[in-house]
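# Per-entry structural report
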Amino acid sequence: MKKLLNIKTILIGLGLSCLTTTSCVDLEEQVYSQVTADNFFRTNEEFISALGAAYSSLGGLGNHSGLWSINELASDEIVISTKGGDWFDGGVLLQLHQHEFLPDNPFFQNSWNFLFGGINTCNRLIFSFQSLDNPNSAAFIGELRALRALFYYWAMDAFGNIPLVTDFTALESPGTKTRKEAYDFILSELNEVIPLLPTAKDGTTYGRMTKWAALTIRMKLYLNAEVYTGTPQWALAAADAEEIINSGPYSLMPSYKDNFLINNSGSTENIFVYPYDKVFAGGFNWVMMTLHIASQSTYNLTQQPWNGYQTVEEFYNSYIDPSKNPGVQGPVWKGLALSQSVGTIDGRLSNFLVGPQFRSDGSRLVDPGVEPFDATGRNGDPDGPPLTFMPYLNEIWPQGLRQAGARIGKYEFEMGGTNNMSNDFVIFRLSDVILSLAEARFRLGNTSQALALVNQIRARAGNLDPFTTLTEENLLAERGREMFVEMTRRQDLIRFKKYGQAWWPFQGMNRPKRVHQPGSHLELFPIPEPQLLANPRLKQNPGYN
């Protein structure tokens, strides 16, 4: 595969392809005890190899219980229902989806460690490169600063008030900086390094920070500036998006799903990715996280999936046009067959796995642990033992149905695959930039231009009627359909002031509708309790004390 010749070379160049801290510590210490300015960092290739430690820090994005999980489970896209004795996990998953965040939730600690582990590695390499009397080091330092800005952007977006550390030799524990201070720092870093970064889209830059990836970070800062600082920056967001679209080497793929194939390194649309590989760079575990236990026989997987992550039914149904499918208003589980019939209308239904499931030989799969059905429709599986992924979700706890919920099918699953997937994980994509430009223009009053951009995305999606008007409601909905599980939904809901609205399981289930107002403290996650205990200079976000 082409990617093994470029970014994979970076990841394995110094034996740094492993992704978890516990498995890498000894190896990393051994390698760096032997590398000095006298015997390394003499050629560009050696600099690039050293970058592997920084880029391998991104490997935690595709696994369970980290940054991706807290963003998605706290949105109206994804949920993990408690299925009898499975997936209760002390209630931490229910907390995330129901916005009952507690500082001791281990998902927040995992996310914090992922983010600041990446920042620390960037700081260490920047320090090493700055210590060299080598003219080649400046460009690589710029690349590391851009990558560090990405980690800080994610940290600021999730936790708001965070420490800012740039000195790898600093001994004093850092204090908390305000979200505005973090925003200003990230922006200043990007402004300085963007002119230094490469502009090519080829094997030498694949999976690495380029001008276009850094511009996308800055565009997203500006797009959310009103949330972060109180001052909107729509014109600046539009300017960055226009530069990426008009000057960048990217174009929409003819087929949406081709951006997420097992070998998706040829995508013309993906701006920045982390190139996972089941052998050299593991950690992309969605095949385990979402598929049913019995799905092992569908793909001849080497391990049994965990039957966890599910799509919220209302979100799945947002892909279905009721005017073309009037019967979808019938009993909730009956909507399955009807929604299946619209697969040719919105090609982005490839995001999901729904319907009857089969073994690799074509025979019907059966779930021996299926719950007996009763007439209330609240208890038991209406489809019986034959394994059928239905969009319907009966309840979040304690007896969520084993077969309930459309499963995440966005990335192609490999026949004979392992618990580690080889698809490159998409971090930034051109269609996000196009929709961001549409939103910025919409906010500035240029509705006709914004409408044309949104309809460009709809046209690629399949046999969809173009929008005739653009509103906040259909713009947010289109962003949701296009960007499903790409770690944008929580951010979008906050920006559109929809994050506090009631969603499943608080809608239509005889439960109180738990809502919170825009600007609520719940728009930030709590600083993890272990971090506060380890560093008294950190301050907890308001509302969590």
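Residues numbered from 1 in each chain as written. Predicted model: local features only at pLDDT ≥ 70, side-chain atom pairs only at ≥ 80, totals over all residues. Heavy atoms only, no water.

### Some points on the overall build of the chain
The secondary structure content of the chain amounts to 21 helices and 8 strands. Across the 545 residues of the chain, 59% fall into the buried class. (Helix = DSSP H or I, 4+ residues; strand = E, 2+ residues; numbered from the N terminus. Buried < 20%, exposed > 50% of the residue type's maximum accessible area, 1.4 Å probe, protein only.)

### Looking at unusual backbone geometry
For the bond running from W397 to P398, omega is 5 degrees, close enough to zero to count as cis. Positionally, P398 belongs in the loop between β6 (388-389) and β7 (407-408). Cis geometry marks the peptide bond from W504 to P505, where omega comes out at 15 degrees. Counting through the fold element by element, P505 comes out in the loop between α20 (489-495) and α21 (529-534).

### Brief notes about helix α9 (residues 179-193)
The first and last C-alpha atoms of α9 sit 21 Å apart over 15 residues, in line with the 21 Å expected at 1.5 Å per residue. By the burial criterion, the buried members of α9 are R179, A182, Y183, F185, I186, L187, E189, L190 and V193. The secondary structure elements touched by the buried residues of α9 are α8 (137-159), α10 (211-223) and α11 (225-229). (Expected span 1.5 Å × (residues − 1). Contact = heavy atoms within 4.5 Å.)

### Concerning the pattern of salt bridges
For the structure shown, the criterion picks out 31 salt bridges. A salt bridge links R537 to E172; its shortest N-O distance comes to 3.2 Å. Pair noted here: R537 is in the segment after α21 and E172 is in the loop between α8 and α9, with a separation of 365 residues, a long-range link. With a relative accessible area of 43%, R537 lands in the partly exposed category. For K211, the salt bridge identified is with E243, shortest N-O distance 3.0 Å. Of this pair, K211 sits in helix α10 while E243 sits in helix α12 (residues 234-247), and the two are 32 residues apart along the sequence. Here the residues in one salt-bridge network are E269, D346, R348, K410, R429, R458, R460, E478, R481, E482 and E486, joined through shared partners. (Salt bridge = Lys/Arg side-chain N within 4 Å of Asp/Glu carboxyl O.)

### Here we look at the environment of L444
Mapping L444 onto the fold places it in the loop between α17 (430-443) and α18 (447-461). Residue classification places L444 among the partly exposed positions, given a relative accessible area of 43%. Placed 206 residues apart in sequence, L444 and A238 show a C-alpha to C-alpha distance of 9.5 Å. Residues in contact with L444, not counting those within four places in the same chain, are W234 and A235.

### Brief notes about the confidence of the model for the chain
Per-residue confidence for the chain gives a mean pLDDT of 89, with 86% of residues at or over 70. Here residues 1-5 scores under 50 on pLDDT; set against residues more than four positions off or in separate chains, the count is 13 contacts. Low pLDDT, under 50, characterises residues 13-33; the stretch is placed with 34 contacts to residues that sit more than four places away or in other chains. (pLDDT = per-residue confidence, 0-100.)

### A closer look at the pairing of strand β2 (residues 270-275)
Of all 6 residues making up β2, 6 are buried, and the element is well covered by its neighbours. Relative to strand β8 (residues 424-429), β2 is paired through 5 bridges, and the arrangement is antiparallel. The residue bridging N270 from the neighbouring strand is R429, located in β8. (Pairing = 2+ DSSP bridges.)

### What about the packing of aromatic side chains?
The tally for this structure, following the rule as stated, stands at 38 aromatic pairs. On the numbers, 6.1 Å between centres and 40 degrees between planes, the contact of F127 with F168 is tilted. Of this pair, F127 sits in helix α7 (residues 106-130) while F168 sits in the loop between α8 and α9, placing them 41 residues apart in sequence. Relative accessible area serves as the criterion here: at 32%, F168 is assigned to the partly exposed category. Grouped by ring-pair contacts, the aromatic residues W68, W87, Y256, F260, Y274, Y276, F284, W286, Y309, Y411 and F425 constitute a single cluster. Directly above the aromatic system of F358 lies the positively charged group of R364, at a separation of 5.6 Å from the ring centroid. (Phe/Tyr/Trp six-rings, centres within 6.5 Å; stacked < 30°, edge-to-face > 60°. Lys NZ or Arg CZ within 6 Å of the ring centre and 35° of its normal.)

### So, α12
Between its first and last C-alpha atoms α12 spans 20 Å; for 14 residues at 1.5 Å apiece the expected length is 20 Å, and the two agree. Inspection of α12 places W234, A237, A238, D240, A241 and I244 among the buried residues, and these make up the whole buried set. Down the axis, α12 shows its buried residues gathered within 165 degrees of arc, on one side only. Exposed and facing more than 90 degrees away from the buried side of α12 are N246 and S247. Against the buried residues of α12 lie α10, α11, β2, α17 and α20. (Arc of directions from axis to C-beta.)

### Comments concerning the nonpolar core
With 154 residues, the main nonpolar core has L58 and W154 as its most contacted residues. Sort the elements by how many residues they give to this core and α8 lands first, with 15 residues. In contact with L58, other than residues within four places in its own chain, are F114, L147, L150, F151, W154, F272, Y274, Y276 and I427. (Core = buried A, V, L, I, M, F, W, Y, C linked by side-chain atoms within 4.5 Å.)

### Points about the packing of α17 against helix α19 (residues 472-482)
Contact geometry of α17 with α19 gives a least axis separation of 11 Å together with a crossing angle of 170 degrees. The orientation of α17 relative to α19 falls into the category roughly antiparallel. On α19, the residues touching S431, D432, L435, S436, E439, F442 and R443 of α17 are E472, L475, E478, R479 and E482. (Axes fitted to C-alpha atoms, helices over the stretch in contact; angles between N-to-C directions. Parallel < 35°, antiparallel > 145°, perpendicular 65-115°, else oblique.)

### Quick notes on the packing of α8 against α10
For the pair α8 and α10, the least separation of the axes is 10 Å and the interaxial angle reads 25 degrees. The angle between the axes of α8 and α10 places the two elements in the roughly parallel class. Here α8 runs over α10; the crossing is left-handed. Mapping the contact onto sequence places A146, L150, Y153 and M156 in α8 and I217, K220 and L221 in α10. Looking at the contact of α8 with α10 residue by residue, the class counts come to 6 nonpolar, no polar and 1 charged. (Left-handed = near helix turned anticlockwise from the far one by under 90°. Nonpolar A, V, L, I, M, F, W, Y, C, P; charged D, E, K, R; others polar.)

### Looking at the environment of G462
When you line up the elements, G462 lands in the loop between α18 and α19. For the pair G462 and S255, spaced 207 residues apart in the sequence, the C-alpha separation amounts to 8.8 Å. Residues in contact with G462, not counting those within four places in the same chain, are I345 and G347.

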